[in-house]
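Structural overview for review
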Amino acid sequence: MSKIEELAQGVLAGERRSIARAITIIENDAPEAKRLIAKIYPHTGKAHIIGLTGPGGSGKSTLIEKIVKAYRRRGKTVGVVAVDPTSPFTGGAFLGDRIRMQELSTDEGVFIRSMATRNYPGGIAKATRDAVKILDAAGKDIVIVETVGAGQSEVEIIKVAETIVVIHAPGLGDDIQAIKAGLMEIADIFVVNKADRENAEKAVIDIQAMLQLNTKEKKWKPPVLKTVALTGEGVPQLIEKLEEHRNFLKKEKAEEKSLLRAETELVEAIKEKAVNSIIEELKREGKFQEVLQKIMAKEIDPASAAEELLHSKFRRKNDAKT
Amino acid sequence: MLEKEKVDEIKRERERWEKTTLPNWIRQCPECKSEFRNHSGMLIKRVYTPEDVKDLDYIRDLGFPGEYPFTRGLHATMYRGRLWTMRMFAGYGTAEDTNKRFKYLLSEGETGLSTAFDYPTIMGYDSDHPMARGEVGVCGVAISSLQDMEVLFNGIPLDKVTTSMTINGPASILLSMYIAVGDKQGVSREKLGGTTQNDNLKEFFAQKLCIFPPKPSVKLTTDVIEYCARHLPKWNPVSISGYHIREAGATALQELAFTLYDGIAYVESTLERGLKVDDFAHRLSFFFASHNDFFEEIAKFRAARRLWAKIMKERFHAKNPRSMWMRMHVQTSGCTLTAQQPLNNIVRTTIQALAAVLGGTQSLHTNSFDEALCLPTEEAVRVALRTQQIIAYESGVTNTVDPLGGSYYVEALTKEMEEKAMEYIQKIDDMGGAVAAIEKGFFQKEIAESAYRYQREIDEKKRILVGVNEFTIEGEECPIELLRIDPKVEKEQVARLQKLKRERDNRKVKEILEKLHYAAEKEENLMPTIIEAVKAYATLGEITDVLRKVYGEYKELIVI
Amino acid sequence: MQSKRKIRVLIAKPGLDSHDRGAKVVARALRDAGMEVIYTGLRQTPEQIVETALQEDVDVIGLSILSGAHKALFPRIMELLKEKGLTDVMVFAGGIIPDEDVPEMKKLGIKEIFGPGTPTEKIIEFVLENVPKRT
């Protein structure tokens, strides 16, 4: 059995070291990564994938800890992927989300992995999607993805999660207005955390008002919940809603959403492969470097150069066919 | 302080000096930096003149010692009347070991006791708790029950000594034990003198020994302040600490501002209990560090006194002058001690101690030279104590009050410290107060930045640490003997604790712990119930666990 | 954008020691040197540290301790790492660990001990040079 096969078996058996190693291989975009995913992909689709997004200071990590504990009490196993930003200057990252969940690190039914965005935009890492697949295939009932805290343009999460929870906390200096339209659109559940603060009630009302304004007819009406993550207040109701949404998705077969997700993934995969192989070929033929020199000498601009290259490539291809 | 014409004349002369005399010197001997700044970021001038103190009003800004605003000192005669208390922090191993060290220090001339507890005790764990493994008696004395406390103070009359206890989360428990020991010795509670550190706010961003979340932690601190105001008139219920803030990496300015703000927060929380400010404020005490920048430290101490007096008078409308006193204990800085060439630390400690004395401290601990490596040996701690005694008896600095008062440099620096600290205070007020600022990570960020900046300065040799990044010795070996804690200590302590648990009235303990649980939920002042509990020999861990159930445990907000 | 391999470092505070100034400064320095740093926060048991190292699949562990409890805690940590099959993780330590204890700690498998006053550059260089190669 090859190493990848062994690793895949380990993942499917829920073996923790294998899960960890598998995620690393994905993160580093190693050549084996694709083979690994190929092996485990048929075993995915069982977990409930929940995305949690919201600004820094909203209490995301504390809330996640309470959510995980609640699911554990119900006998479910949980995987958590916590994403933090990579510094664009140094390429390094400080991954501190799991601090809030450290008590859970020795719970056999919980697997927590911290991930850096490695400059991928939109609040998650490029590898997040596949890391979720690993945890899914490993048999986790629930997989939670915690995005980077900016909370305003983090719509990449819809590519990964089935249920999106948007969390807000009063008094962060952010107006409800700051919850950009994108987030309003993608949220399946809104949570106002730190609900024991002043302005919590107002935040709930404001969000509900904004939801009314959204005229698109939706089968699922996103509820607005209140929690106090520190004490766990409101968490049981949140779990109920999460389960409700899960059932809703099952009933509606939510094919549209998962079809969209699958399509997006396929298109991206094709794009990446196609583009990479074209560029590789051009480089092999020496055409790439040639044109690069011309650009440096200001003989041609990059956009025109690209056109030329592609035109010559595809024309040659067409010629070869005839 | 001088008339305008005189100051203008000096200004003109300085400008002339800068044009004529100075340039030659700069050519011959250029200054080694383009800008001289202290670590708080203040620009230090080449020379200070009356211009720098032209707005200083002697009566308003300095006054006479013993009178508002107390800049020059709390007492009219200061060290001419009575020296500062030489109070050496001590504690390790079992209660017997520390009892011995206490007696040794008292016999060598120490005038007050100061207790260091081990990590398990500080975090509310008994010596037999799994988290205590490997830590019992290592950094301080292990106290799990009243029985240990009785051994600790065996043969030490509590009406003759004052005792400081460096304990925060479980402060109410340790104080209750001290009271119980006093009761047994027949000393009336009004006579008990000492201090509990009991400053829970700073734990969240400096010392990090937090057990409970911020709000219940402030409640527990305030319980002790209130109880002492009513029942222990000679006890300082809280030592509002800047030392740990500084050791965590803050600048002198941040140490000053954040400490004062914590003080403001405790005054506010105690006023909410219905007490009047003059009922309790005179017993609030403070604890600062003393670091290497000699004049920065002296300015900090003086600014602290003046600023606190103003805050108590203007913000809290205190009437009694004693409510405006900032009584301080100072400890020389631990983080400036080096493991390399440890004897150099004696020199550092001396400079730092001298700054504290010239800053007018009421009480002083000097670190031992081996403390970058270990807990101090008897020999090392004796040298540290002698350092204070030599300053007190041989240097002559105690012959006059506030000898540096009027120095252009020191007064300018004191003023700048005060003004910049006020800016911080305003900022924290705007944020909504200490707890809000903690939750926002404000203090943590400020401190992390200063700590990182300091380290970068050392790495880049912009800041010299003698023996560490300059004047090093290649292949240096550790030349001194270190104090080691015998691992037997843990075994003995655990055995003793388990024996206690078997022999005490466990039914009574169960009852009192239930009573405590109920009282905590009702938000009563817990001191009376905790005293009852310790007298029944409920352990520190058992009492803390009850509180953990009611208040929850704190999870840190990390800011690097 | 291709994701290249990044060095993943776990900075851990075992036991009750609450001095985290050094651990945080080192964490930040390693991040600024381009590494991904996972910090556990204070008061971690050996079990929590090793589980974290496993789940995060780290290359390096840095242990920070100033309380003197290293003699009890480090052996347990190294034992657990072996038990869980994490023998290819490089472990270094810092804080207050007397010179005379260093040989014993190294025998446990701790690659290097950095005492007080170590320049952060030295630690970064050490990690870069000693990070285990992965196949």
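A quick note: this is a predicted structure, and the numbers were derived from the prediction, not measured.

**Regarding the overall build of chain C**
Of the regular secondary structure elements, chain C holds five helices and five strands. When the helices and strands of chain C are read in sequence order from the N terminus, they spell out β-α-β-α-β-α-β-α-β-α. The C-alpha atoms of chain C give 14 Å as radius of gyration, which agrees with the globular expectation for 135 residues (14 Å, within 12%). Dimensions along the principal axes, computed over C-alpha positions, put chain C at roughly 45 × 35 × 25 Å. Looking at chain C residue by residue over its 135 residues, the buried ones come to 64%. Taken as a whole, chain C presents about 4900 Å² of accessible surface, with 52% of it coming from carbon and sulfur. Charge-centre separation for chain C: the mean point of 20 positive side chains lies 3 Å from the mean point of 20 negative side chains.

**Quick word on the interface of chain A and chain C**
The partner chain C presents 32 residues to the 29 residues of chain A that form the contact. On the chain A side of the contact with chain C, Arg17(A), Phe94(A) and Arg118(A) bury the most area, a combined 21% of that side's loss. The closest approach of N and O atoms between Arg8(C) and Glu27(A), which form a salt bridge, is 3.5 Å. Here chain A is connected to chain C by 22 residue pairs in polar contact (both at pLDDT 80 or more). Broken down by secondary-structure element, the contributors of at least two residues to the side of chain A that touches chain C are α2 (16–27), β3 (93–95) and β4 (110–116) of chain A. Its residues assigned to classes, the side of chain A that touches chain C comprises nine nonpolar, 10 polar and 10 charged. With three bridges connecting them, β3(A) and strand β2 (residues 36–39) of chain C associate as parallel partners. Considered in β2(C), the bridge of Phe94(A) is made with Val37(C).

**Things to note about the confidence of the model for chain B**
Residues at a pLDDT of 70 or more form 99% of chain B, whose mean pLDDT is 94. Within chain B, helix α13 (residues 294–315) of chain B carries the highest mean pLDDT (98), whereas strand β1 (residues 85–90) of chain B carries the lowest (84).

**Here we look at the nonpolar core**
Met149(B), Phe153(B) and Phe258(B) are the most contacted members of the largest nonpolar core, which totals 154 residues. Setting aside residues up to four positions removed in sequence, Phe258(B) forms contacts with Phe205(B), Ile245(B), Tyr424(B), Ile428(B), Phe442(B), Phe443(B), Glu446(B) and Ile447(B). Counting residues in hydrophobic clusters, the runner-up holds 50 residues, among them Ile4(A), Val11(A), Ala125(A) and Val145(A).

**Details of the interface of chain B and chain C**
Listed as interface residues are 39 residues of chain B and, on the opposing side, 37 residues of chain C. Across the contact surface, chain B and chain C share three salt bridges. The closest approach of N and O atoms between Lys208(B) and Asp20(C), which form a salt bridge, is 2.4 Å. For the pair chain B and chain C, the number of links is 14 residue pairs in polar contact (both at pLDDT 80 or more). Taken together, the elements giving at least two residues each to the side of chain B that touches chain C come down to α6 (119–122), α10 (243–247) and α18 (442–459) of chain B. Among the elements that make up the side of chain B that touches chain C, the one with the highest residue count is α18(B) (eight residues).

**Quick notes on the confidence of the model for chain C**
Residues at a pLDDT of 70 or more form 96% of chain C, whose mean pLDDT is 92. For this predicted complex, the interface confidence comes out at an ipTM of 0.93, alongside a pTM of 0.86.

**Some points on the packing of aromatic side chains**
Tallying each qualifying case throughout the model produces 27 aromatic pairs over all chains. Ring geometry for Tyr58(B) and Phe64(B): centres 5.4 Å apart, planes at 70°, overall edge-to-face. Judged by relative accessible area, Tyr58(B) falls into the partly exposed class, the value being 24%. Ring centres of Phe92(C) and Phe126(C) lie 6.5 Å apart, and the angle between their planes is 70°; this geometry places the pair in the edge-to-face category. You can see Phe92(C) sitting in strand β4 (residues 90–95) and its partner Phe126(C) sitting in helix α5 (residues 120–130), a full 34 residues away along the chain. By relative accessible area, which is 4% here, Phe92(C) ends up buried. One aromatic cluster in this structure is built from Phe205(B), Phe258(B), Tyr424(B), Phe442(B) and Phe443(B). Geometry around Phe288(A) places Lys283(A) over its ring, the cationic atom sitting 5.1 Å from the centre. Positioned above the aromatic ring of Tyr68(B) is the side chain of Lys313(B), whose terminal nitrogen or guanidinium carbon lies 4.3 Å from the ring centre.

**Quick notes on helix α8 (residues 171–185) of chain B**
Residue and element names in this part refer to chain B. Across its 15 residues, α8 extends 21 Å between first and last C-alpha, which sits within 8% of the 21 Å expected from 1.5 Å per residue. Most of α8 is tucked away, with 12 of its 15 residues classed as buried. Once α8 ends, the next one or two residues include Gly-186, with phi positive near 80°.

**Notes on the sheet that holds strand β1 (residues 8–12) of chain C**
On the basis of which strands lie adjacent, the open sheet formed by six strands has the order β3(A)-β2(C)-β1(C)-β3(C)-β4(C)-β5(C) and parallel pairing. Looking along the sheet, the strands with just one partner apiece sit at the ends: β3 of chain A together with β5 (112–114) of chain C. Recorded for the sheet is a direction-independent mean angle of 20° between the axes of neighbouring strands. Pairing geometry for β1(C) and β2(C), over four bridges, is parallel. Bridging across to β2(C), Arg8(C) finds its partner in Glu36(C).

**Remarks on the side chain of Glu51(B)**
Residue and element names in this part refer to chain B. Within the secondary structure, Glu-51 sits in the loop between α2 (21–28) and α3 (58–62). A polar atom in the side chain of Glu-51 sits 2.7 Å from the side chain of Arg-14. Residues in contact with Glu-51, not counting those within four places in the same chain, are Val-7, Ile-10, Lys-11 and Arg-14.

**Details of the environment of Thr377(B)**
Residues and elements named next belong to chain B. Mapped onto the elements, Thr-377 comes out in the loop between β9 (363–365) and α15 (378–394). The buried category is assigned to Thr-377, whose relative accessible area is 17%. It is 5.5 Å that separates the C-alpha atoms of Thr-377 and Leu-483, two residues lying 106 residues apart in sequence.

**Let's talk about the pairing of strand β8 (residues 327–332) of chain B**
All names here are of chain B. Among the six residues in β8, six count as buried, and that is most of the element. Every second residue of β8 is oriented toward a common face, with Arg-327, His-329 and Gln-331 on one face and Met-328, Val-330 and Thr-332 on the other, all of them buried. With six bridges connecting them, strand β7 (residues 284–290) and β8 associate as parallel partners. Across the sheet, the residue bridging to Phe-286 is Met-328, located in β8. With respect to chirality, the unit in which β7 leads through α13 into the neighbouring parallel β8 is right-handed. Pairing between β8 and β9: three bridges, direction parallel.

**A look at the sheet that holds strand β8 (residues 224–226) of chain A**
Residues and elements named next belong to chain A. Pairing is parallel across the open sheet formed by seven strands, whose spatial order is β4-β2-β5-β1-β6-β7-β8. Only two strands of the sheet have a single partner each, and these edge strands are β4 and β8. For this sheet the average axis-to-axis angle between neighbouring strands, irrespective of direction, equals 20°. Bridge count for strand β6 (residues 163–168) against strand β7 (residues 189–192) is four bridges, and the pairing is parallel. Bridged to His-168 within β7 is Val-192.

**As for the state of the cysteines**
By definition, a disulfide is the covalent link that joins the sulfur atoms of two cysteine residues. All names here are of chain B. Enumeration according to the criterion identifies zero disulfides over all chains in this entry. Unpaired in terms of disulfides, Cys-29 finds its nearest cysteine sulfur in Cys-32, a separation of 8.8 Å. On the basis of relative accessibility, which here comes to 52%, the residue Cys-29 falls in the exposed class.

What counts as what
- Residues numbered from 1 in each chain as written.
- Chains lettered and ligands numbered in written order.
- Predicted model: local features only at pLDDT ≥ 70, side-chain atom pairs only at ≥ 80, totals over all residues.
- Heavy atoms only, no water.
- Helix = DSSP H or I, 4+ residues; strand = E, 2+ residues; numbered from the N terminus.
- Rg over C-alpha atoms; globule rule 2.2 N^0.38 Å.
- Buried < 20%, exposed > 50% of the residue type's maximum accessible area, 1.4 Å probe, protein only.
- Areas by Shrake-Rupley, 256 points an atom, 1.4 Å probe, with all protein chains shown as cover.
- Lys, Arg positive; Asp, Glu negative; His and termini not counted.
- Charge placed at Lys NZ, Arg CZ, Asp CG, Glu CD.
- Contact = heavy atoms within 4.5 Å.
- Buried area = accessible area lost by both parts, 1.4 Å probe.
- Salt bridge = Lys/Arg side-chain N within 4 Å of Asp/Glu carboxyl O.
- Polar contact = N/O pair within 3.5 Å; in protein donor to acceptor, adjacent residues only side chain to side chain.
- Nonpolar A, V, L, I, M, F, W, Y, C, P; charged D, E, K, R; others polar.
- Pairing = 2+ DSSP bridges.
- pLDDT = per-residue confidence, 0-100.
- Core = buried A, V, L, I, M, F, W, Y, C linked by side-chain atoms within 4.5 Å.
- Phe/Tyr/Trp six-rings, centres within 6.5 Å; stacked < 30°, edge-to-face > 60°.
- Lys NZ or Arg CZ within 6 Å of the ring centre and 35° of its normal.
- Expected span 1.5 Å × (residues − 1).
- Axes fitted to C-alpha atoms, helices over the stretch in contact; angles between N-to-C directions.
- Right-handed = clockwise from strand over helix to strand, strands pointing away.
- Disulfide = S-S within 2.5 Å.

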